[in-house]
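# An overview of the molecular structure
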Amino acid sequence: MRSLERAMPQIVWPEGKKFAFTVFDDTDGMTTHNGLPLYNFLSDLGFRTTKSVWLMDGGATGGNTRGASCEDSDYARWVQTLQEQGFEVGLHGVTGIGATRDEWLVGLERFRTLFGDYPRIHANHAGARDSIYWGDQRVSGMHRFVYNLLTRFGRRLFHGHRHGSQYFWGDLCRSHIRYVRNFVYADINTLKECPQMPYHDPDRPLVREWFASSEGPSVESFNKTICEANQDRLEVEGGACIMYTHFANGFVENGRLDPRFVSLMRRLSARPGWYVPVSVLLDYIKEYRGGEHVITPSERRRLERKWLVHKIRVRGTT
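Right, let's walk through the structure included here.

Cut-offs and rules
- Residues numbered from 1 in each chain as written.
- Predicted model: local features only at pLDDT ≥ 70, side-chain atom pairs only at ≥ 80, totals over all residues.
- Heavy atoms only, no water.
- Disulfide = S-S within 2.5 Å.
- Buried < 20%, exposed > 50% of the residue type's maximum accessible area, 1.4 Å probe, protein only.
- Helix = DSSP H or I, 4+ residues; strand = E, 2+ residues; numbered from the N terminus.
- Pairing = 2+ DSSP bridges.
- Expected span 1.5 Å × (residues − 1).
- Arc of directions from axis to C-beta.
- Contact = heavy atoms within 4.5 Å.

Following the criterion strictly, the structure yields 0 disulfides and no others. The structure places no disulfide on Cys194, whose sulfur is separated from the nearest cysteine sulfur, that of Cys241, by 13 Å. Residue classification places Cys194 among the buried positions, given a relative accessible area of 1%. Summary of cysteine pairing: Cys241 is not part of a disulfide, and the nearest cysteine sulfur, belonging to Cys227, is at 11 Å.

Printed below as a string of structure tokens:
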């Protein structure tokens, strides 16, 4: 199979749009208090993105990290309202700490009860032991050795894919979830950085298809990635951006949205972009290209190398 980095056709976006833009919002720190003004703003501008949830407050190793879970009935109803408005509900794990297999079984059924079906899309939570193919398992060969040197061999505690572990849920992931996030890059044009996405990795078979994202975990980094010049370039390149972020991380302070974020998103909304949830975008890319792409070893090495270089630059290796 020819590398998609060399053979990728230019994608023609629906409705005459020139590019695609969406967001996967990791739910860390999110409550109705800081979420309502932000999602009302996105909705009013015409954006439809993906908001992840936790299903339970607890976890195998203790209480949840900051933010609400769907055990809060008011919060769950609010997320259901977002879904009715056209936002996608994804998963950021069953809990914010890490869930056992039994908790995963309960959590997935709770998701289906609340939102009508199992989640189509998931992103690992950085410190959760049930993260799947996480830590040094994200990379292969020499890149794994480099990753372990950078992290001083301290990021090897993830068991979602490990048969026999109390945290194993890989078969449930394979059965119920279509897309899982992996690499994050600095460029606004996620599709240029990872032209293979969505892709299947035969060395990580419990995930059906992986996707990448663009850097933006805080309001400062988000604004940097979607600055005016980058917006213009995304349109010129006809690309697709999937922003990785935590909308609870500085976007709303004392009930007010960050002014720079407001300005940039208003500018972006006025451009000819296709603004749909992450799974809708990935489905379209896959259908446009004629089906699932199985990543080759050389393609994977290039993605890993670019990701490691980026992580070194931003001084993080989660």
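For a regular strand, the rule is simple: side chains alternate between the two faces of the sheet. Side chains of strand S2 (residues 50–53) alternate between two faces, with Thr50 and Ser52 and Lys51 and Val53 buried alike. Judged from the 2 bridges that link them, strand S1 (residues 19–25) and S2 form a sheet pairing that is parallel. Note that in S2 the partner of Asp25 across the bridge is Lys51.

Turning our attention to helix H3 (residues 73–85). The end-to-end C-alpha separation of H3 is 19 Å, in line with the 18 Å expected for 13 residues at 1.5 Å each. Buried residues of H3: Tyr75, Ala76, Trp78, Val79 and Leu82, and no others. When H3 is viewed along its axis, its buried side chains cluster within an angular range of 160 degrees and face the same direction. Buried residues belonging to H3 abut helix H2 (32–45), S2, strand S3 (88–91) and helix H4 (101–115). Looking one or two places after H3, you find Gly86, whose phi comes out positive at around 110 degrees.

Moving on, we come to unusual backbone geometry. Following Met197, the chain continues to Pro198 via a peptide bond in cis, the omega torsion being -10 degrees. When you line up the elements, Pro198 lands in the loop between helix H7 (190–193) and strand S6 (199–200). Phi at Glu15 is positive, roughly 60 degrees, even though this residue is not glycine. When you line up the elements, Glu15 lands in the loop between helix H1 (4–7) and S1. Residue classification places Glu15 among the exposed positions, given a relative accessible area of 65%.

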